[in-house]
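Geometric and topological summary
Below, each chain spelled out in residue letters.
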Amino acid sequence: MRQIGTRDHPVRMSATGKILECPMSYYLQAVGAVEDTSGKAAQTGSACHEMIQRLHSGGDPATVEQDCADKFPLADWREAERHFADYQSDPENTSAQITHIEQKVSLVIDDVYFSGTLDQLRLAPDGRYYVWDVKTGRSTGQAMCDIYACQMAGYTLAARQSLGLDVYPGGFIRTLSYRKGENAHIQFPLSLAQCNLLLDQVVRSVQRMRQGEVEARPAFRCRSICPLRGVDNCLHLHSTLEN
């Protein structure tokens, strides 16, 4: 059995969307056949998240670059500070009742283990907790909801299971929207029941991978985003590993 989604090798919540998008690409990265290609944009986003965490937990956001330069060596610090400043300028963020921030959570569905760190849990006037995820990337509106649907669903279910709270999907805070004067808070459209349906699909895909059934799903992202740069490379590498 492949060591994917086990207690010792849980699926990262941020990778759940990739599992449905292309199981082959996820699999080859999960078993170490392809290096992690996260770079400048990812580290810039992480630096911004660190600043936001300090804002809401009583720390000093101004010292993040000094403290974390080695942790995020590729980050564009001026860009991270701009994302943070726009976030901080929104009263909806600074007045929110944030009960958990950068919270580690885990989830087990059937025999598949997941883990991750959710951005924020916000307690709303209705007494429910909602997951909110800060995004510094360029994806917009409902496209953002589609791209990160599995991630949001996973964090919601993991928070319910790990923390024992009445948690529901909230949405995304798109920091680039502040620069255009647009609404930065994008409500996530799926219900709790639909989150369960989505994660069930991820679980089934992981279970098939463990048995050696790994699907390649060619799409426009193969040459532009996937580190394998093409379904031909993908299938060749997989056959090499299996043989």
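For the structure itself, look to the data block above.
Attention in this report is confined to the structure presented alongside it. On a predicted model such as this, the values are computed, not experimentally measured, just so you know.

So, how was this worked out
- Residues numbered from 1 in each chain as written.
- Predicted model: local features only at pLDDT ≥ 70, side-chain atom pairs only at ≥ 80, totals over all residues.
- Heavy atoms only, no water.
- Buried < 20%, exposed > 50% of the residue type's maximum accessible area, 1.4 Å probe, protein only.
- Helix = DSSP H or I, 4+ residues; strand = E, 2+ residues; numbered from the N terminus.
- Pairing = 2+ DSSP bridges.
- Phe/Tyr/Trp six-rings, centres within 6.5 Å; stacked < 30°, edge-to-face > 60°.
- Lys NZ or Arg CZ within 6 Å of the ring centre and 35° of its normal.
- Axes fitted to C-alpha atoms, helices over the stretch in contact; angles between N-to-C directions.
- Parallel < 35°, antiparallel > 145°, perpendicular 65-115°, else oblique.
- Contact = heavy atoms within 4.5 Å.
- Nonpolar A, V, L, I, M, F, W, Y, C, P; charged D, E, K, R; others polar.
- Polar contact = N/O pair within 3.5 Å; in protein donor to acceptor, adjacent residues only side chain to side chain.
- Salt bridge = Lys/Arg side-chain N within 4 Å of Asp/Glu carboxyl O.
- Expected span 1.5 Å × (residues − 1).
- Arc of directions from axis to C-beta.

As for helix α2 (residues 23–30)
- Of all eight residues making up α2, six are buried, and the element is well covered by its neighbours.
- Gly32, located one to two residues past α2, shows a positive phi value of around 85°.

Here's the deal with unusual backbone geometry
- A positive phi angle is found at Glu102, which is not glycine, with a value near 50°.
- Assignment of secondary structure puts Glu102 in strand β2 (residues 98–109).
- The class of Glu102 is partly exposed, set by a relative accessible area of 24%.
- In the Ramachandran plot, Asp110 falls in the positive-phi region, its phi being about 55° despite a non-glycine side chain.
- Here Asp110 falls in the exposed class, since its relative accessible area comes to 64%.

Quick look at the pairing of strand β5 (residues 167–174)
- Burial runs high along β5: eight of the eight residues are buried.
- Pairing of strand β4 (residues 129–135) with β5 involves seven bridges; the strand directions are parallel. Bridged to Val131 within β5 is Pro169.

Here's the deal with the packing of aromatic side chains
- Taken as a whole and assessed by the stated rule, the structure comprises four aromatic pairs.
- Centre to centre, the rings of Phe72 and Trp77 are 6.5 Å apart; their planes meet at 50°, and the pair counts as tilted.
- A residue is classified by how much of its surface remains accessible, and Phe72, at 9% relative accessible area, is buried.
- For Trp77, a relative accessible area of 10% gives the class buried.
- Ring geometry for Tyr130 and Tyr168: centres 6.2 Å apart, planes at 40°, overall tilted. Linking Tyr130 in strand β4 with Tyr168 in strand β5, this pair joins segments that are 38 residues apart in sequence. Across this residue pair, the class does not change: Tyr130 and Tyr168 are buried.
- Following the ring pairs from residue to residue traces out a cluster consisting of Tyr148, Phe172 and Phe188.
- One cation-aromatic arrangement involves Arg128 over Tyr168; the distance from NZ or CZ to the ring centre is 4.0 Å.

What to know about the packing of helix α8 (residues 149–163) against helix α9 (residues 192–210)
- Remark: α8 packs on α9, axes separated minimally by 9 Å, with the N-to-C direction vectors making an angle of 105°. Regarding the angle of α8 to α9, the classification is roughly perpendicular. Packed against α8, whose contacting residues are Ala149, Cys150, Ala153, Gly154, Thr156, Leu157 and Arg160, the element α9 presents Leu192, Cys195, Asn196, Leu198, Leu199 and Val202 at the interface.
- Here the contact of α8 with α9 is built from residues that sort into nine nonpolar, three polar and one charged.

Description of the environment of Gln29
- Looking at where Gln29 falls in the secondary structure, it is placed in helix α2.
- Among the polar contacts made by the side chain of Gln29, one reaches the side chain of Ser25 at a distance of 3.2 Å.

Remarks on the pattern of salt bridges
- Counting across every chain of the model gives ten salt bridges.
- Two residues, Glu79 and Arg179, come together in a salt bridge whose shortest N-O distance is 2.8 Å. Here Arg179 lies in the loop between β5 and β6 (185–187) and Glu79 lies in helix α5 (residues 77–88), a separation of 100 residues in the sequence.
- When its relative accessible area of 29% is taken as the criterion, Arg179 is described as partly exposed.
- The closest approach of N and O atoms between Arg160 and Asp166, which form a salt bridge, is 3.5 Å.

Quick notes on α9
- Along its 19 residues, α9 runs 27 Å from first to last C-alpha, staying within 8% of the 27 Å computed at 1.5 Å per residue.
- Of the residues making up α9, those classed as buried are Leu192, Cys195, Leu198, Leu199, Val202, Val203, Ser205, Val206, Met209 and Arg210. Along the axis of α9, the buried positions cluster into a sector of 165°, meaning they face one direction only. Residues of α9 that are exposed and angled more than 90 degrees away from the buried face: Ala193 and Leu197.

What about the pairing of β2?
- Of the pairings in the sheet, the one linking β2 to strand β3 (residues 112–123) comprises ten bridges and is antiparallel in character. Bridging across to β3, Ile109 finds its partner in Val112.

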